[in-house]
Each structure stands twice: as structure tokens, then as C-alpha cells.
Amino acid sequence: MRLKWVFFINVLLLLLAAWGFIPIYSFAMHVANVIKGESTGEWINITPTIIFLFICIGVGILMYRHNAKKHKRMLLKLFMPAEFSEQDEREKMINAHACRKVYLFMPLIFGIILFLMGLYPFLADTFPSYPMLLLFIFPIAQITIYYLSVRNKF
């Protein structure tokens, strides 16, 4: 049950990150248009980015407090995934098998993303933040493959 919640929280945070980074991407595109002299004078909505930053700060504090007793170094306290807190040999084997599966699927996922990136010239006018969403397919695919592999072993 705990693994399912970790999976859903990770996917939700990645989708929230994509939602938060799209305005940053739009802002960069707007700055590029200003430099080119093609400014449209439109405003960029940064509300999703601000919401994402506040949620990241909250999640960072929670992760720090949760991992404070397990690790001595600051970066490990913040960024050590819950999946790597194995307690016995069986969990270490399951984790190693799941990580191997993720590693083996990455060329396939990368190929799919490259193919989808080839569609960008056709979608650039209607969906300019398409590359940003494709960027977030990679970690969502990693988390999903890891979760499915571990779920099958438990």
C-alpha cells in the first residue's frame, strides 16, 4: 500500500512540476521574441510556478524531517528516495531488479520521445510548450516502470 502512495505522489509532483515549468518555458520564448524584435506584448502567468515552488518547499521540509535520522549528509536527507531504504536482502534484490528493468527500458522510452519530438514542428503554433511536456515523460516513465516491476515482485 505504501509503495502505491509513493508512486502516485511522485507522479503527481512531476505533473505539478510540468505545470509549473511551462510558464518558465513560455517566458523564455517571450524573451527570445523580444530579442528578435517580434514582441507581442503579452503577459506571462507565473501563478503555476509560484504554487509549484511553495509545494516544493513544503515537500522538501517534509522529506528533510522524514530522512533526518536515516542519513547524516544534507543532500542525502533531501534527495534520497524512499525506495532505497531497503531493510533486508530480499528488498535489495527486488530494488536491484527494478532498477535494472528501468535501465533496460530507457532506450525504448528515449526513442519514443525522439519520435514525438519529430512531431513538434507540426504542433509548434498550437502547442508551444510541447517540448517541456515531453521532457517530463522520461521521469514519469522511469517511476512507472520501477513501480510496476516492484509491484510484481511483492
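Residues numbered from 1 in each chain as written. Predicted model: local features only at pLDDT ≥ 70, side-chain atom pairs only at ≥ 80, totals over all residues. Heavy atoms only, no water.

## Considering the overall build of the protein
A tally of helices and strands in the protein yields six helices and zero strands. Reading the helices (α) and strands (β) of the protein from amino to carboxyl end gives α-α-α-α-α-α. Across the protein, the fraction of contacts at a sequence separation of at least 24, relative to all contacts at a separation of at least 6, is 63%. Accessible area for the protein stands at about 11200 Å²; split by element, carbon and sulfur atoms hold 71% of it. (Helix = DSSP H or I, 4+ residues; strand = E, 2+ residues; numbered from the N terminus. Contact = heavy atoms within 4.5 Å. Areas by Shrake-Rupley, 256 points an atom, 1.4 Å probe, with all protein chains shown as cover.)

## Examining the packing of helix 4 (residues 89–117) against helix 6 (residues 130–153)
Two numbers describe how helix 4 lies on helix 6: the axes approach to 8 Å, and their chain directions differ by 150°. Judged by the inter-axis angle, helix 4 sits roughly antiparallel to helix 6. The two elements helix 4 and helix 6 meet at a crossing, and its hand is right-handed. Residue classes in the contact of helix 4 with helix 6 are distributed as 20 nonpolar, four polar and three charged. (Axes fitted to C-alpha atoms, helices over the stretch in contact; angles between N-to-C directions. Parallel < 35°, antiparallel > 145°, perpendicular 65-115°, else oblique. Left-handed = near helix turned anticlockwise from the far one by under 90°. Nonpolar A, V, L, I, M, F, W, Y, C, P; charged D, E, K, R; others polar.)

## What to know about the nonpolar core
If you look at the biggest cluster of nonpolar residues, it comprises 21 residues, and the most contacted ones within it are Val102, Met106, Ile109, Phe136, Ile145, Tyr146 and Val150. Counting residues per element, the ones that place at least two in this core are helix 1 (2–36), helix 4 and helix 6. Tallying contributions element by element places helix 6 first for this core, with eight residues. Every residue in contact with Phe136, bar those within four places of it in the chain, is listed here: Leu14, Ala17, Ala18 and Phe21. (Core = buried A, V, L, I, M, F, W, Y, C linked by side-chain atoms within 4.5 Å. Buried < 20%, exposed > 50% of the residue type's maximum accessible area, 1.4 Å probe, protein only.)

## Some points on the environment of Ala17
Assignment of secondary structure puts Ala17 in helix 1. In the structure, Ala17 is positioned 38 residues away from Ile55 in sequence and 9.7 Å away in space, judged by C-alpha atoms. Non-local contacts of Ala17, meaning those with residues more than four positions away in its chain, are made with Phe52 and Phe136.

## Structural notes on helix 1
Helix length check: helix 1 (35 residues) gives 51 Å between terminal C-alpha atoms against 51 Å at 1.5 Å per residue, within 8%. Every buried residue of helix 1 is listed here: Phe7, Val11, Leu14, Leu16, Ala17, Ala18, Gly20, Pro23, Tyr25 and His30. A positive phi of about 90° marks Gly37, the residue just after helix 1. (Expected span 1.5 Å × (residues − 1).)

## As for the packing of aromatic side chains
Tallying each qualifying case throughout the model produces six aromatic pairs. Relative to Tyr130, the ring of Tyr120 has its centre 6.3 Å away and its plane inclined at 0°; by these criteria the two rings are stacked. Of this pair, Tyr120 sits in helix 5 (residues 120–123) while Tyr130 sits in helix 6; the two residues are 10 residues apart in sequence, bridging distant segments of the chain. Comparing Tyr120 with Tyr130, the two get one shared label, buried. (Phe/Tyr/Trp six-rings, centres within 6.5 Å; stacked < 30°, edge-to-face > 60°.)

## Observations concerning helix 6
Look at helix 6: 35 Å from first C-alpha to last across 24 residues, which is about the 34 Å you get at 1.5 Å a residue. Those residues of helix 6 not exposed but buried are Tyr130, Pro131, Met132, Leu134, Phe136, Ala141, Ile145, Tyr146, Tyr147, Ser149 and Val150. Buried-residue contacts for helix 6 involve helix 1, helix 4 and helix 5.

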